[in-house]
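Structure at a glance
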Amino acid sequence: MTNVVKKPSESSVDSFKLRLQVSKLLGYDNSLNDHYVTINQTTGEESDVFKKQSKKYELKHYSFYVSYNQNTRVSYSDYVDTITILINSKQLKERYFEGITRKNINLIYKEIIKLGIIDCDFATFLNGMPTDVDIKKDFRLEADEYKEVIKACSIMTKESSNRDKGFRVFKAKDNYGIEWSIRTTSKYLTNPFLKIYSKDLELMTPTDKGGANDFYNEYLQGYDITNLKRIETTVKNKKHFESLDLGVKTNSLADLLNLSQESMNKILSISVNAHLSSRIKARTFTDKTNMTPQKRLLLNSILGYTTELNWSIAKVESLLLNGIENKVSKSRTKKLINELYNDYINNTDYDFKRSKVNSFFDEIGWF
């Protein structure tokens with residue numbers, strides 16, 4: 001069987017909404033005039049009921065959703081009519097696991113033209129503007145390793161009083177994973193949508209129960225999906241892309257598909273680190289006025305021994321107290337060592353039990 005996961009794992013585009021200006025098209029399916037979707041003029045995003053309000057072009061176990069949008073804001077003062085097409089990797093059929101790339105986007109373009117959704121040349125198509133872009137990366141993790149990944153992410157999620165932040169673990173026979181934020185969040189710059197889930201379970205779950213088994217049986221039976229897991233994050237719009245400092249100039253589909261592996265990995269890493277605390281055990285002192293140079297030096301020593309050398313606190317304590325003869329000074333120093341360890345190091349990081357789990361976190365850019 002074909003191995004889905006390459007070494008090292010590669011990031012790719014899984015889906016996006018492509019917005020095309022009507023005035024630049026040679027033609028389009030006139031029945032789309034009956035399928036309007038509201039545009040948020042502040043963010044330039046379609047409403048969160050896009051699929052319900054769009055026209056569905058249904059093919060064999062995959063679909064195209066398309067809508068007509070009036071008065072879409074494309075610049076500070078310009079509003080034009082646009083057509084939005086939801087594009088995803090399933091439209092690649094047997095090449096699904098490649099993700100959408102510069103090498104295979106023409107397959108989707110040709111099918112859109114063949115269906116009569118729009119009429120335009122390939123250059124115009126590539127000049128369309130993508131929004132709600134999902135970037136994904138696939139991995140192979142055995143059950144115990146995957147459980148540890150979910151546990152580590154749960155423990156290391158940043159604390160927040162904001163009810164829209166935090167994480168949600170889902171445990172079901174057909175869906176096991178963890179996610180942060182929501183796809184429709186307006187706080188995408190600081191709280192982007194991020195999800196880790198079981199792609200193998202999704203592809204093995206019956207379609208009528210929310211899975212994609214029909215699609216798998218039709219197009220992917222030659223692929224080994226054993227223990228296949230996926231991480232994905234969403235880049236909402238042009239403003240979001242610009243904030244990532246990727247060197248994207250026009251935010252066109254061509255720009256998106258020309259992103260390097262380095263850039264796509266950077267997108268995932270930024271999203272991961274937006275939600276997870278540092279893998280380094282120490283926490284920053286919030287009140288620097290109470291931190292003397294001596295305490296800071298002691299904390300750095302404890303941190304170095306426990307993190308870099310993986311020493312136990314008992315071994316660190318024995319080393320740092322060695323040579324202190326005065327009982328009172330030794331007792332005070334021992335108390336301080338334990339206070340610093342318990343307040344700023346202990347239980348502030350996850351103790352990784354499997355090297356493959358650590359490798360997974362390296363590959364998604366968690367630092």
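Nothing here was measured: the structure is a model prediction, and the numbers come from that model.

How each quantity is defined
Residues numbered from 1 in each chain as written. Predicted model: local features only at pLDDT ≥ 70, side-chain atom pairs only at ≥ 80, totals over all residues. Heavy atoms only, no water. Helix = DSSP H or I, 4+ residues; strand = E, 2+ residues; numbered from the N terminus. Buried < 20%, exposed > 50% of the residue type's maximum accessible area, 1.4 Å probe, protein only. Polar contact = N/O pair within 3.5 Å; in protein donor to acceptor, adjacent residues only side chain to side chain. Phe/Tyr/Trp six-rings, centres within 6.5 Å; stacked < 30°, edge-to-face > 60°. Lys NZ or Arg CZ within 6 Å of the ring centre and 35° of its normal.

Even without a glycine there, the phi angle at D132 is positive, about 50°. Looking at where D132 falls in the secondary structure, it is placed in strand β8 (residues 129-140). On the basis of relative accessible area, D132 is assigned to the buried category, the value being 14%. Of note, N251 is a non-glycine position whose phi angle comes to about 55°, a positive value. With respect to the element layout, N251 can be found in the loop between α7 (238-243) and α8 (253-257). You can call N251 buried: its relative accessible area is 4%.

With that settled, consider the side chain of E232. Following the sequence through the fold, E232 ends up in strand β13 (residues 228-235). At 2.5 Å, the side chain of E232 and the side chain of R183 are in polar contact. Polar contacts involving the side chain of E232 include one to the side chain of Y197, which spans 3.2 Å.

Taken as a whole and assessed by the stated rule, the structure comprises 15 aromatic pairs. Seen from their ring centres, Y109 and F122 are 5.0 Å apart, and the 50° between their planes marks the pair as tilted. Of this pair, Y109 sits in helix α2 (residues 105-115) while F122 is found in helix α3 (residues 122-126), placing the two residues 13 residues apart along the sequence. Consider the rings of F122 and F125, whose centres lie 6.5 Å apart with planes at 15°: the pair is stacked. Within this pair, F122 and its partner F125 are both found in helix α3, separated by three residues, close to a single helical turn. Overall, the relative accessible area of 25% leaves F122 in the partly exposed class. Relative accessible area serves as the criterion here: at 0%, F125 is assigned to the buried category. Pairwise contacts between aromatic rings join Y62, F64, Y96, F97, F215, Y219 and Y223 into one cluster. Seen from the ring of Y197, K195 lies directly overhead, with NZ or CZ sitting 4.7 Å from the centre. Against the face of W311 rests K315, its NZ or CZ located 4.3 Å from the ring centre.

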